[in-house]
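Summary of the model geometry
The lines below spell out each chain.
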Amino acid sequence: MDVLISAERIRDRLDELAVEITRAYDGKPPVTVVGILNGCLMFVADVIRRIDLPLRVGFVTASSYRGPATVAGKLQIRDDFLPDITGRHVLLLDDILDTGKTLTRVVSHLLDRGAASVKVGVLLRKIGRQEVPFEPDFVAFTIPDQFVVGYGLDFDDEYRHLPYIGVVTEAG
């Protein structure tokens, strides 16, 4: 596996990203950070420890794959781990902006649940895959259209634990 983004680069960029986020929300009521499980776990944990603001944290799941399916079906959003966001400013964090379909649907869902505003931050923005118009507010890294794992991203539920972002090669 080739390392695309080292653990050190991730750490340094998240320091910068946290400053950007803190500035964007400075002076606003407490922010609710919402992560999209499972890929966001490391990203959310590392970012919220760096943001110098009062925060609440919640999670949603968004999945269109069931069982052994490899073709996406209808997107199912579950918000059992979401605190009340009515009238709250929400920072939605996700591991990757790929087609944009999931993020646009989750933003819509959060607004429908009463969020005052929703800003979006992504660890990775993959170039060349986006199918719907969507602009995240915060992007840690822009990457080429390669299959990546590590730092929360997986292949068949493996590799999430890696401290870096790696490119899966055919040789594995």
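Located above this text is the structure these notes cover.
Let me sum up the structure you'll find in this document. (Residues numbered from 1 in each chain as written. Predicted model: local features only at pLDDT ≥ 70, side-chain atom pairs only at ≥ 80, totals over all residues. Heavy atoms only, no water.)

Remark: helix 1 (residues 7–25) packs on helix 2 (residues 41–48), axes separated minimally by 9 Å, with the N-to-C direction vectors making an angle of 65°. If you check the angle between helix 1 and helix 2, you find them roughly perpendicular. With respect to the hand of their crossing, helix 1 and helix 2 are arranged in right-handed fashion. Seen from helix 1, the contacting residues are Leu-14, Leu-17 and Ile-21; seen from helix 2, they are Phe-43, Asp-46 and Val-47. Class assignment for the residues of the contact of helix 1 with helix 2 results in five nonpolar, no polar and one charged. (Axes fitted to C-alpha atoms, helices over the stretch in contact; angles between N-to-C directions. Helix = DSSP H or I, 4+ residues; strand = E, 2+ residues; numbered from the N terminus. Parallel < 35°, antiparallel > 145°, perpendicular 65-115°, else oblique. Left-handed = near helix turned anticlockwise from the far one by under 90°. Contact = heavy atoms within 4.5 Å. Nonpolar A, V, L, I, M, F, W, Y, C, P; charged D, E, K, R; others polar.)

Membership of the largest hydrophobic core comes to 29 residues, with the highest contact counts inside it found for Leu-91, Leu-123, Leu-124 and Ile-165. Going through the elements one at a time, helix 1, strand 2 (31–37), helix 2, strand 5 (89–97), strand 6 (117–126), strand 7 (138–143) and strand 9 (165–167) are the ones with two or more residues in this core. Discounting residues that sit within four places of it in the chain, Ile-165 has contacts with Asp-2, Val-3, Leu-4, Ile-5, Ile-10, Leu-123, Leu-124, Val-148, Val-149, Gly-150, Tyr-151 and Leu-153. Counting 19 residues, the second-largest nonpolar core is a separate cluster that includes Val-60, Val-90, Leu-97 and Val-122. (Core = buried A, V, L, I, M, F, W, Y, C linked by side-chain atoms within 4.5 Å. Buried < 20%, exposed > 50% of the residue type's maximum accessible area, 1.4 Å probe, protein only.)

With that settled, the discussion passes to helix 3 (residues 101–112). Taking 1.5 Å per residue, twelve residues should reach 16 Å; helix 3 reaches 17 Å between its end C-alpha atoms and fits that length. Those residues of helix 3 that fall on the buried side of the exposure criterion are Leu-103, Val-106, Val-107 and Leu-110. Buried residues of helix 3 fall within an arc of 105° about the axis and therefore sit on the same side. Downstream of helix 3 by a residue or two, Gly-114 has a phi angle that is positive, lying close to 105°. (Expected span 1.5 Å × (residues − 1). Arc of directions from axis to C-beta.)

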